[in-house]
Amino acid sequence: PNNHQNIQTLLSGIDLQCYENNHAHRTEEMDVERLVVRRGQPFSVVLQCTEQIPQHQDHQLNLILHLGKNNEVVLKVSDSEQDHGKWWFSQRNAQGEVMLTLHSPADALVGLYSMTVVLLSADGQILEQTKPQTFYLLFNPWCKDDSVYLPSEELLQEYILNENGILYQGSWDDITTVPWNFGQFEKDVVDICFEVLDNSPTALKNSEMDIANRGSPVYVSRTITAMVNANDDRGVVSGRWDGEYSDGVAPTRWTGSVPILRRWSEDGGQKVRYGQCWVFTGVACTVLRCLGIPTRCITNYSSAHDTDANISVDYLFNDQLESVSEGRKDSIWNYHCWVESWMKRDDLPEGYNGWQVLDPTPQERSDGVFCCGPCPVRAVKEGEVGLKYDTPFVFSEVNADLIVWIVHPDGERIQVSQNSKVIGRNISTKSVSGDFREDITANYKYPEGSMKEREVYKKAGRQVGQKNKVPGQLELFIKHAPAVHGTDFDVIIEVYNAGREDTDAQLTVTSNAITYNSIHRAECQRKTTSLTVPAHKAHKEVLRLQYDHYGACVSEHHMIRVTALLQPTDQDNIILQETNIPLKMPVLHIKIIGKAIVSRKLTAHISFNNPLPASLQGGVFTVEGAGLTEAKEIKTHGKIEPGQAVTVKFSFKPTRAGLRKLLVDFDSDRLRDVKGEATIIVRTKM
């Protein structure tokens, strides 16, 4: 009995060596108090003993791992490497301690594990066991056997480790940028990411099946894509585009993902109101980077939203050239954002590994839920629309034809033009080498007009439209002076006659306040002119856009669309030109006072001038930054008069060293989506 007594208290505990392990696994930014490791890479824990463990044959150490809320997976880990694809550990004895080095397979299930060390007798009886300890296991893009392996340190620095990014907005010929705070290593974000997975319909309905698939980045990324939007499930963000956001937060006000994820978690999985495509994209990028899947944010300009999957976007006008596209009409979004994640596709034929499109914005159902992807970028380029997931949808977003129809009073439709050059332009992502744009259109499409492009269209079942050249062809161009929000400016419509004879035509020009995804909020102006354009000459028409007209109806995306329709009198063809004008916004100026040192107070002075000829009310600044401060609001009091300067002060204590960004948004009744940023180098204590 005396002997038995000793054994009872042989194991006193486990030191998880969080600091050393997390540093080696590149997760120390996430946490140093808790163990967070990556699969396919060993990590070591120290078993503390009250005395030397007897070194004879009748005692054996084993590890037991549990995964899942209800211990769906239980793994017994022994100290021999039986076969390559299993967990095993090696041990080294020291003074009163044993170092256990755990080896996880490169395709291990990701999640929150609970680990117990057990001491077994010769006949396999449990003599003693330690209190369970937990650790997170993530995907490992540094490990060459992991299906998310990315063999470039420079790319990993950006696509896994960078907590700041840039989202591209505006229009294809006037690209604007919005800084975004991904914050994937902020406190508790990793817990929320797994909470998102645990709340998926599959996880709630069949947790065994869900957990069993947690080793697959294809499964995990598809699940996240469905869960970021709150259309079917206990998803994170609720989408809204109609301008009515008073019962939530206007989509333009967010500057990062962390406040959204925290709010969702704190409210017990209630959807957060409201998001639009870049918000869904930013949140998805945060979650995927946090889980260890290399991810980047993409913007496609002039993105087709093709609601009937015929690979064309149809615009319908009546005889008065008024739009009559009813219902869920096909539309061209000024831009649309999605993410790409890097992974092997063992579920597809060879050649489709690498970047995969994942689109978390709820647009179309896929397998019955609002979710899109992963779809190999290469499949889009090659027109392989049969490869999963959702390739036809993505293909049409970047390749659809724009077809313009006139609908006569008797309902007859006549096709008046077809254009294959306007959709899917300047596909953009942030460069890995800094805060500038990288154009990746060539990853999605062969050069316009090339033989390859025609082959791909044929393969994808898209009709290749013939340009209907008409003698005496008129050409239409739209130009505009710099358009600053709050000012009046001119738009010039030029009609050029390339033919040999003078031509009569009717020109209709409208300006509309629109959202980035082509919802018309209001028509600002309309002008119809009959004109005769002499051969080889140009006619110029000027439309003056006045703040008095557009100010009242401009959307939160401060975007004006000018549409020009030209109808030659003697022909049934129409030339359509559209230009989207993002109104230039003021910038917030941020000045940082003090030296940036971890845990020492810093003060930011944030200022801006009201550029509008109208006063603003309900002004509020939102400030956040990964490693600097969680999101905080600063309200302004009273009115901000035209031209008035406003300055607010904000103090905070940086929490982590390194290059950090402070992001600020200003929002008010008549002016929204005003952004500013400051880059700060934070040092550890002096």
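Residues numbered from 1 in each chain as written. Predicted model: local features only at pLDDT ≥ 70, side-chain atom pairs only at ≥ 80, totals over all residues. Heavy atoms only, no water.

### Overview of the nonpolar core
Stage number 1. If you look at the biggest cluster of nonpolar residues, it comprises 85 residues, and the most contacted ones within it are F194, V220, I224, I260, W278, L291 and Y444.
Stage number 2. A total of 11 residues in this core trace back to one element, the largest contributor, which is helix 9 (residues 277–291).
Stage number 3. Judged by nonpolar contacts, the second largest core, of 57 residues, contains F489, I493, A596 and V648. (Core = buried A, V, L, I, M, F, W, Y, C linked by side-chain atoms within 4.5 Å. Buried < 20%, exposed > 50% of the residue type's maximum accessible area, 1.4 Å probe, protein only. Helix = DSSP H or I, 4+ residues; strand = E, 2+ residues; numbered from the N terminus.)

### A word on the pattern of salt bridges
Stage number 1. For the structure on display, the rule yields 37 salt bridges.
Stage number 2. With a shortest N-O distance of 3.2 Å, D439 and R437 are connected by a salt bridge.
Stage number 3. On the accessibility criterion, D439 (37% relative accessible area) is partly exposed.
Stage number 4. Each of the salt bridges in this network shares a partner with another, and the network as a whole consists of E29, E163, E186, R656 and R660. (Salt bridge = Lys/Arg side-chain N within 4 Å of Asp/Glu carboxyl O.)

### A closer look at helix 7 (residues 217–228)
Stage number 1. The end-to-end C-alpha distance of helix 7 is 16 Å, a good match for the 16 Å that 12 residues give at a rise of 1.5 Å each.
Stage number 2. Its side-chain oxygen 3.2 Å from the backbone nitrogen of V218, S216 forms the N-cap of helix 7. (Expected span 1.5 Å × (residues − 1). Polar contact = N/O pair within 3.5 Å; in protein donor to acceptor, adjacent residues only side chain to side chain.)

### Comments concerning the packing of aromatic side chains
Stage number 1. This structure, assessed with the given rule, holds 20 aromatic pairs.
Stage number 2. Aromatic pair Y245 and Y274: ring centres 6.1 Å apart, planes at 50 degrees, arrangement tilted. Taken together, the positions of Y245 in the loop between strand 13 (237–239) and helix 8 (258–266) and Y274 in strand 14 (residues 272–275) put the pair 29 residues apart, joining distant regions of the chain.
Stage number 3. Overall, the relative accessible area of 5% leaves Y245 in the buried class.
Stage number 4. Between F608 and F621, the ring centres sit 6.4 Å apart and the planes meet at 80 degrees, which makes this aromatic pair edge-to-face. Of this pair, F608 sits in strand 34 (residues 602–609) while F621 sits in strand 35 (residues 620–625), placing them 13 residues apart in sequence. Exposure class is identical for F608 and F621. Each is buried.
Stage number 5. Aromatic ring contacts, followed pair by pair, group W278, Y301, W333, Y335 and Y516 into a single cluster.
Stage number 6. The lysine or arginine in question, R289, covers the ring of F182, its NZ or CZ lying 4.7 Å from the ring centre.
Stage number 7. For the cation-ring pair, R413 lies above W405, with the distance from its terminal atom to the ring centre recorded as 5.8 Å. (Phe/Tyr/Trp six-rings, centres within 6.5 Å; stacked < 30°, edge-to-face > 60°. Lys NZ or Arg CZ within 6 Å of the ring centre and 35° of its normal.)

### Notes on the UniProt feature "binding site: Ca(2+)" (unreviewed entry) in the chain
Stage number 1. The UniProt feature table records "binding site: Ca(2+)" (unreviewed entry) at N399, D401, E448 and E453. Across 55 residues in sequence, these annotated residues keep their C-alpha atoms within 13.4 Å of one another, forming a single compact spot.
Stage number 2. Among the secondary structure elements, E448 is positioned in the loop between helix 12 (441–444) and helix 13 (451–459).
Stage number 3. You can call E448 partly exposed: its relative accessible area is 40%.
Stage number 4. If we skip the residues at most four places from it in the chain, E448 touches S420, K421, E453 and Y457. (UniProt positions renumbered as here; feature names shortened; annotations may be inferred. Contact = heavy atoms within 4.5 Å.)

### Overview of the pairing of strand 17 (residues 331–343)
Stage number 1. Here strand 17 lies mainly inside the structure; 12 of its 13 residues are buried.
Stage number 2. Sheet topology note: the strand 15 (residues 295–305)/strand 17 ladder contains 10 bridges and is antiparallel. Residue pairing for strand 17: Y301 is matched across the bridge by Y335.
Stage number 3. Pairing between strand 17 and strand 18 (residues 354–358): 5 bridges, direction antiparallel. (Pairing = 2+ DSSP bridges.)

### Some thoughts on a negative patch on the surface
Stage number 1. Taken together, the side chains of E501, D502, D504 and D570 make up a negatively charged region of the molecular surface.
Stage number 2. Mapped onto the fold, D504 is located in strand 28 (residues 503–514). (Patch = residues over 30% accessible without salt bridge, like charges linked within 9 Å, V, L, I, M, F, W, Y side chains within 5 Å. Areas by Shrake-Rupley, 256 points an atom, 1.4 Å probe, with all protein chains shown as cover. Lys, Arg positive; Asp, Glu negative; His and termini not counted. Charge placed at Lys NZ, Arg CZ, Asp CG, Glu CD.)

### Quick word on the sheet that holds strand 27 (residues 489–497)
Stage number 1. Read across the sheet, 3 strands follow the order 26-27-30 without closing on themselves; strand pairing throughout is antiparallel. In the strand order of this sheet, the two ends are held by strand 26 (474–480) and strand 30 (538–545), each with one partner. Neighbour to neighbour, the strand axes of the sheet diverge by 20 degrees on average, direction disregarded.
Stage number 2. Here 8 bridges tie strand 27 to strand 30, and the two strands are oriented antiparallel to one another. Across the sheet, V491 pairs through a bridge with L543, a residue of strand 30. (Axes fitted to C-alpha atoms, helices over the stretch in contact; angles between N-to-C directions.)

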